[in-house]
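Remarks on the overall topology
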Amino acid sequence: MIKVSVILPVYGVADYIEKCTESLLQQTLQEMEFIFVDDHGPDNSIELVQKMIEGHPRKDQFVFLKPEHNMGAGLARNYAIPHAKGEYIAFVDSDDTIDAAMFEELYAKASATGSDLCCCQMQKYYMDGSKGEIMENPHVEEGALTHDKRAYILTRYVSLFASFIFKRSMVEENGLHFPEDRSADDSFFVSCAWMTAQSVAYVDKPFYHYLIRPGSVCTTKDSNKYLKRISVFNKLLQYSKDHNVYSEFKNEIDFMYIKKGYLSSVTNYIINSTSPRKEVYEEIRQELLSKIPDYEANPYLKKKLSVRALIFLVRHLPALGTKAIRMYVKKTGIIS
């Protein structure tokens, strides 16, 4: 029986993929499969993997897929999900690495508790080999996701999707997928998982090593990326309604949209634009009003002074709001 299927989209990572593959080969969990999706990259990344596994005892655990055309990371993952045979599914980016014990410990905990989700922590690594901050998922008590636990998570979640293993049956039954928009697709997947999963477990170790590198998706500027982000969170709102979650968690999901759909889109636009225009700020706000016309009455927003202040500044004092957001991003390193 395959316990964990690991899905890796591959595009232009020849300088990094050998280290990634080595960390997969070193996994102490034996019952695994590794699904590489060749996304029509410009280099020989896939060939490097195939050469590495020649004659290796785990060679037969490697599966190579190639869609007809370039799809982008999110859709490449979607392409692979129906091919996965594992009890759990995981996603690794092909320029990152993982600890040898990651999937053995995650699977052991998930299996022992019967959890739909099990996650660890992530640690940033830089090109010079130095370590950055440890990134943690918000914690609730392990076990069944009660109303209060789910409400807590939905207002505090972070999109560390590669730190999870997801029960495959849960993914299939709830139609979990990555949106076609090449922005915030990991946020979409993780938040949908939190909306529909029934139970959760944790392993509090930084097993996943997240490489910060120039030229990666998260460090490449795109002044129109905010439009894709808005589209993704509109779809997230619709997903919550289609799966009968919104009626019970309206306040929490609306607050998620205010922060991640609206304010993060404004932030994304500011950081990716040399001369942000207030007309675009208003365009994004109108999108918010069309989806959540009563957003100012949201109880979570009322308690979050910093978020309210940024929204006020962007609307009424855009020059000051722009400066405040840029200072925040510079201080925290967070680019939405």
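Description of the structure in this document. In this text the structure is predicted, and so the values were computed from the model without any measurement.

Definitions and limits used
Residues numbered from 1 in each chain as written. Predicted model: local features only at pLDDT ≥ 70, side-chain atom pairs only at ≥ 80, totals over all residues. Heavy atoms only, no water. Pairing = 2+ DSSP bridges. Helix = DSSP H or I, 4+ residues; strand = E, 2+ residues; numbered from the N terminus. Contact = heavy atoms within 4.5 Å. Axes fitted to C-alpha atoms, helices over the stretch in contact; angles between N-to-C directions. Polar contact = N/O pair within 3.5 Å; in protein donor to acceptor, adjacent residues only side chain to side chain. Buried < 20%, exposed > 50% of the residue type's maximum accessible area, 1.4 Å probe, protein only. Phe/Tyr/Trp six-rings, centres within 6.5 Å; stacked < 30°, edge-to-face > 60°. Lys NZ or Arg CZ within 6 Å of the ring centre and 35° of its normal.

Here we have 8 strands laid out as an open sheet, ordered E3-E2-E1-E4-E10-E6-E11-E9, and mixed in their pairing. Strands with a single pairing partner mark the edges of an open sheet, and in this sheet they are strand E3 (62–65) and strand E9 (143–144). Here strand E6 (residues 117–119) runs beside strand E10 (residues 164–167); their pairing, made up of 3 bridges, is antiparallel. Paired with cysteine 119 across the two strands is phenylalanine 164, which belongs to E10. Its contacts with the sheet place helix H1 (residues 17–25) against strand E1 (4–10), strand E2 (32–38) and E3, and it is angled at close to 160° to E2. Lying on the sheet, helix H3 (residues 73–80) is in contact with E1, E2, E3 and strand E4 (88–91); it crosses E1 at an angle near 140°.

Within the fold, aspartate 38 resides in strand E2. Within the structure, aspartate 38 has its side chain in polar contact with the backbone nitrogen of histidine 40 (distance 3.1 Å).

The next thing to look at is unusual backbone geometry. Unlike most non-glycine residues, histidine 40 shows phi in positive territory, near 60°. Positionally, histidine 40 belongs in the loop between E2 and helix H2 (45–52). Since its relative accessible area comes to 29%, histidine 40 is described here as partly exposed. At alanine 184, a position not held by glycine, the phi torsion is positive, near 55°. Mapped onto the elements of the fold, alanine 184 is located in the loop between helix H6 (168–173) and helix H7 (185–196). Here alanine 184 falls in the buried class, since its relative accessible area comes to 9%.

A few words now on the sheet that holds strand E12 (residues 208–212). Sheet strands associate in pairs through backbone hydrogen bonding, adopting either a parallel or an antiparallel arrangement. The sheet built from 4 strands is open, its strands ordered E5-E12-E7-E8 with mixed pairing. Each having just a single partner strand, strand E5 (97–98) and strand E8 (131–135) make up the two edges of the open sheet. As paired elements, E5 and E12 share 2 bridges and run antiparallel to each other. Within E12, the position partnered with threonine 97 by the bridge is histidine 209.

Following the criterion strictly, the structure yields 17 aromatic pairs and no others. Ring centres of phenylalanine 91 and phenylalanine 178 lie 5.2 Å apart, and the angle between their planes is 85°; on these two criteria the pair is classed as edge-to-face. With phenylalanine 91 in strand E4 and phenylalanine 178 in the loop between H6 and H7, the pair connects residues that are 87 residues apart, well separated along the chain. Both residues of the pair, phenylalanine 91 and phenylalanine 178, count as buried. Summarising the aromatic geometry, the rings of phenylalanine 164 and tryptophan 194 are spaced 5.9 Å apart at their centres and angled 80° between planes, so their arrangement reads as edge-to-face. Taken as a pair, phenylalanine 164 in strand E10 and tryptophan 194 in helix H7 lie far apart in primary sequence, 30 residues in all. An identical accessibility class is assigned to phenylalanine 164 and tryptophan 194; each is buried. Put simply, the rings of Phe91, Phe161, Phe164, Phe166, Phe178, Phe189 and Trp194 touch in pairs and so form one group of aromatic residues. The ring of phenylalanine 178 carries the charged tip of arginine 77 above its face, separated from the ring centre by 5.0 Å. When the ring centre of tyrosine 246 is taken as reference, the NZ or CZ atom of lysine 241 above it lies at 5.0 Å.

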